[in-house]
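# A closer look at the structure
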Amino acid sequence: MNKEIWVQDLGLNDYKQTWDYQEQLFKKIVDLKIKNRREVSNLETPNYFLFVEHPHVYTLGKSGDINNLLVNKAELDEKGATFYKINRGGDITYHGPGQIVGYPILDLDNFFTDIHKYLRFLEEAVILTLAEYGLKAERSDGETGVWLDVGTPFARKICAMGVRASRWVTMHGFALNVNTDLGYFDMMIPCGIKDKAVTSLNVELGSPKVDLQAVKQKLLYHFENLFEAELVHQSAHL
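A brief structural summary. On a predicted model such as this, the values are computed, not experimentally measured, just so you know.

### Quick word on helix H3 (residues 115-131)
Taking 1.5 Å of rise per residue, the 17 residues of H3 would be expected to cover 24 Å, and the 24 Å separating its terminal C-alpha atoms lies within 8% of that figure. For H3, every residue scored as buried is listed here: Tyr118, Leu119, Phe121, Leu122, Glu123, Ala125, Val126, Ile127, Thr129 and Leu130. Between the side-chain oxygen of the N-cap and the backbone nitrogen of His116 there are 3.0 Å, and the N-cap of H3 in question is Asp114.

If you want it as structure tokens, here you go:
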């Protein structure tokens, strides 16, 4: 059982290039698990945590509804945005500059084999991070992610989540709005949920800009504690 997680910050990076990199790491872990089972060896499987910011992009989960994207390709091009249909759960979401995207690529056999617990831990890491900024963030029943003012007419989403898991290996993850241009959310129905607003950390704090690196450090601190892991920082070059 290996509880070491290699953390890589990819900076601002193309969505498709990052997705391919995720798939590469995901396949590496899955292949090791298959080899381990076949040869009855004691190979340890690695774990990764990728941080990234993406240029403007909309992604649609495998069970999502394309009608939740409210613009056509010409309008996407005008806004400098791209679109991908991908293999995670969940509906449509947006990624862009000023948003912290986290992709944990973990072998849950190293931690616990419970995908619901995994999602709750991801949410909890974000909730605890936002609490450090004085915000009371919560879960919303039946709606994965992290919200503010749940159960009121002012409910708004600050962090979206969508994951894929196979053989207990995870990929994709969460997107926390920090200094995000919220205007891009007007081009879709976020996560397919109508009549719910979207917000960001800088809007909630009334601040022009929040230090992204400071938010990342807080997220990692809570992630490490929740998963009882040991984080090791690596340089990354795609």
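### Observations regarding the packing of aromatic side chains
Aromatic ring pairs are reported here in terms of the distance separating the ring centres and the angle at which the planes meet. Scanning all chains against the criterion turns up 16 aromatic pairs. An angle of 75° between the planes, with centres 5.2 Å apart, marks the rings of Tyr94 and Phe185 as edge-to-face. With Tyr94 in strand E5 (residues 92-95) and Phe185 in the loop between strand E10 (169-177) and strand E11 (197-198), the pair connects residues that are 91 residues apart, well separated along the chain. Looking at Tyr94, the relative accessible area reads 0%, which means it is buried. Ring geometry for Tyr118 and Phe227: centres 6.0 Å apart, planes at 70°, overall edge-to-face. Of the two residues, Tyr118 sits in helix H3 while Phe227 sits in the loop between helix H5 (212-226) and strand E12 (230-234), which places them 109 residues apart along the sequence. Exposure class is identical for Tyr118 and Phe227. Each is buried. Connected via pairs of aromatic rings, a cluster forms that spans Phe49, Phe51, Phe111, Phe112, Tyr118, Phe121, Phe174, Phe223 and Phe227. Positioned over the ring face of Tyr184 is Lys79, at 5.4 Å from the centre of the ring.

### Here's the deal with the nonpolar core
One finds Val126, Leu130, Val146, Phe174, Leu176 and Phe227 to be the most contacted residues of the largest nonpolar core, which totals 37 residues. Those elements that provide at least two residues to this core are strand E1 (4-12), strand E2 (48-53), H3, strand E8 (143-148), strand E9 (156-166), E10 and H5. The contacts of Phe227, once residues within four sequence positions are left out, are Lys3, Leu106, Phe111, Phe112, Tyr118 and Phe121. Counting 20 residues, the second-largest nonpolar core is a separate cluster that includes Ile29, Val30, Val52 and Ile86.

### Topic: the environment of Gly90
You can see Gly90 is positioned in the loop between strand E4 (82-85) and E5. Given a relative accessible area of 35%, Gly90 falls into the partly exposed group. Ignoring anything within four residues of it in the chain, the contact list for Gly90 reads Gly61, Lys62, Ser63 and Gly64.

### Things to note about the pairing of E8
Buried residues dominate E8, accounting for five of its six residues. Two elements, strand E7 (residues 137-140) and E8, share three bridges in a ladder whose sense is antiparallel. Bridging from a neighbouring strand, Glu138 pairs with Trp147 of E8. Between E7 and E8, which pair antiparallel one after the other, the connecting turn spans two residues, and Gly142 there sits at a positive phi close to 80°. Across three bridges, the pairing between E8 and E9 is antiparallel. Residue pairing for E9: Val146 is matched across the bridge by Cys159.

### Considerations on H5
Compared with the 21 Å implied by 1.5 Å per residue over 15 residues, the 21 Å span of H5 between its first and last C-alpha is a close match. Among all positions of H5, only Leu212, Val215, Lys216, Leu219, Leu220, His222 and Phe223 are buried. Looking at where H5 begins, the residue whose side-chain oxygen comes 2.9 Å from the main-chain nitrogen of Gln213 is Asp211. Glu228, located one to two residues past H5, shows a positive phi value of around 50°.

Scoring rules and cut-offs
- Residues numbered from 1 in each chain as written.
- Predicted model: local features only at pLDDT ≥ 70, side-chain atom pairs only at ≥ 80, totals over all residues.
- Heavy atoms only, no water.
- Helix = DSSP H or I, 4+ residues; strand = E, 2+ residues; numbered from the N terminus.
- Expected span 1.5 Å × (residues − 1).
- Buried < 20%, exposed > 50% of the residue type's maximum accessible area, 1.4 Å probe, protein only.
- Polar contact = N/O pair within 3.5 Å; in protein donor to acceptor, adjacent residues only side chain to side chain.
- Phe/Tyr/Trp six-rings, centres within 6.5 Å; stacked < 30°, edge-to-face > 60°.
- Lys NZ or Arg CZ within 6 Å of the ring centre and 35° of its normal.
- Core = buried A, V, L, I, M, F, W, Y, C linked by side-chain atoms within 4.5 Å.
- Contact = heavy atoms within 4.5 Å.
- Pairing = 2+ DSSP bridges.

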